[in-house]
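# Coordinate inspection notes
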Amino acid sequence: MVKLDVITTRGGDGGETSLGDGTRLRKDTLRIEAIGAVDEANAALGVLRLHLEQDAEAAAMVARLQNDLFDLGADLCMPGIGEDRLRVTDAQCLRLEAEVAAMNAAIPPLRSFVLPGGSAGAAAAHVARTVARRAERRVVTLAAAEPLNPAAARYLNRLSDHLFVLSRRLNDNGAADVVWVPGATR
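So, here is what we can say about the structure in this document. Within every chain, residues take consecutive numbers counted from 1 along the sequence as written. The predicted origin of the model limits local features to residues at a pLDDT of at least 70 and limits the giving and counting of side-chain atom pairs to 80 or more, whereas totals for whole chains, interfaces and linings rest on all residues. Computation of side-chain values: all heavy atoms of the structure, hydrogens and water removed.

### A short note on the nonpolar core
For this analysis, a nonpolar core means a set of buried residues of the types Ala, Val, Leu, Ile, Met, Phe, Trp, Tyr and Cys, connected via side-chain atoms within 4.5 Å. Here the term buried applies to any residue with accessible area under 20% of the maximum for its type, exposed to any over 50%, and partly exposed to those in between, with areas from a 1.4 Å probe on protein chains only. In terms of nonpolar packing, the biggest core is built from 42 residues, with Leu48, Leu69, Val139, Leu159, Leu163 and Leu166 touching the most fellow members. Listed by contribution, the elements that provide at least two residues to this core are helix H1 (30-50), helix H2 (56-76), helix H3 (90-104), helix H4 (120-145) and helix H5 (150-170). Considering every element that reaches this core, the biggest residue donor is H5, with ten residues. Here, two residues are considered to be in contact whenever any of their heavy atoms come within 4.5 Å of each other. Contact partners of leucine 69, with chain neighbours within four places excluded, come to Val38, Ala41, Asn42, Leu45, Tyr155, Leu156 and Leu159. Put simply, DSSP marks the helices as runs of H or I at least four residues long and the strands as runs of E at least two long, and each gets a number from the N terminus on.

Below, the structure written as structure tokens:
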């Protein structure tokens, strides 16, 4: 499916890169910004996985998320919204919703906002969540400018929810959450 023999091509030295259909774009276009933000989110998930060696179920979920983000990158690198290429699907969004519901069922409701932190895994999940939100903002901006698979932004929205709930799961199902205390430092 994918074969990469040469990594250094010098093709981007002039500030342009190629899409999956061969179109050349400047590296600072909305589409390339969105693709890059999704790549950053995937890298943040890779760091999160380092903290999940003792939690096979969570590690498997994050591995699926990383594969999904590669699907999303493939989707974004092919302009248009046709189904003739690999596209993120509503089924992937629904899987995220089901995983969020399953994790959240074991976690007590929040009584305050949660500060990023607690365990190392939870902190890494929060970083990944915020990077996913940035990717979502970039994809929403791109979607306002040109036709785009609507499942792309939906997926990123669900992903950040997933990572928030996963952070709570990694904080002993919320018991080790660090909660915001309004005005505590006045």
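Having seen it, we continue.
### Quick look at the pattern of salt bridges
Side chains that differ in charge, positive against negative, can pair when their charged atoms come close. Any carboxyl oxygen of Asp or Glu within 4 Å of a side-chain nitrogen of Lys or Arg constitutes a salt bridge here. All told, the structure shown has 13 salt bridges when counted by the stated rule. Ionic pairing is found between arginine 64 and glutamate 99, a salt bridge with its closest N-O pair at 2.7 Å. Of this pair, arginine 64 sits in helix H2 while glutamate 99 sits in helix H3, placing them 35 residues apart in sequence. The salt bridge involving aspartate 90 is made with arginine 154; its shortest N-O contact spans 2.8 Å. Placement of aspartate 90 in helix H3 and of arginine 154 in helix H5 is noted, with a sequence separation of 64 residues between them. The exposure class assigned to aspartate 90 is partly exposed, which follows from its relative accessible area of 40%. Members of the salt-bridge network, linked through shared partners, are Arg64, Asp68, Arg95 and Glu99.

### So, a nonpolar patch on the surface
For patches, a residue must show more than 30% relative accessible area and have no salt bridge; joins then use 9 Å for like charges and 5 Å for nonpolar side chains, namely Val, Leu, Ile, Met, Phe, Trp and Tyr. With residues, only the protein chains shown are counted as cover, and all accessible areas are computed by Shrake-Rupley using a 1.4 Å probe. Among the surface-exposed residues, Phe113, Leu115, Val178 and Trp180 lie close enough to one another that they form a single nonpolar patch of about 380 Å² accessible area. Position of tryptophan 180 relative to the elements: it lies in the segment after strand E4 (178-179). The exposure class of tryptophan 180 is partly exposed, given its relative accessible area of 39%.

### Comments concerning the packing of aromatic side chains
Only Phe, Tyr and Trp rings are paired, with Trp represented by its six-membered ring, and only when their centres lie within 6.5 Å; those with planes under 30 degrees apart are stacked, over 60 edge-to-face, the remainder tilted. Overall, the coordinates contain one aromatic pair when judged by the stated rule. Judged by centre distance (5.8 Å) and plane angle (50°), the rings of phenylalanine 113 and tryptophan 180 are tilted. Taken together, the positions of phenylalanine 113 in the loop between H3 and strand E3 (114-115) and tryptophan 180 in the segment after E4 put the pair 67 residues apart, joining distant regions of the chain.

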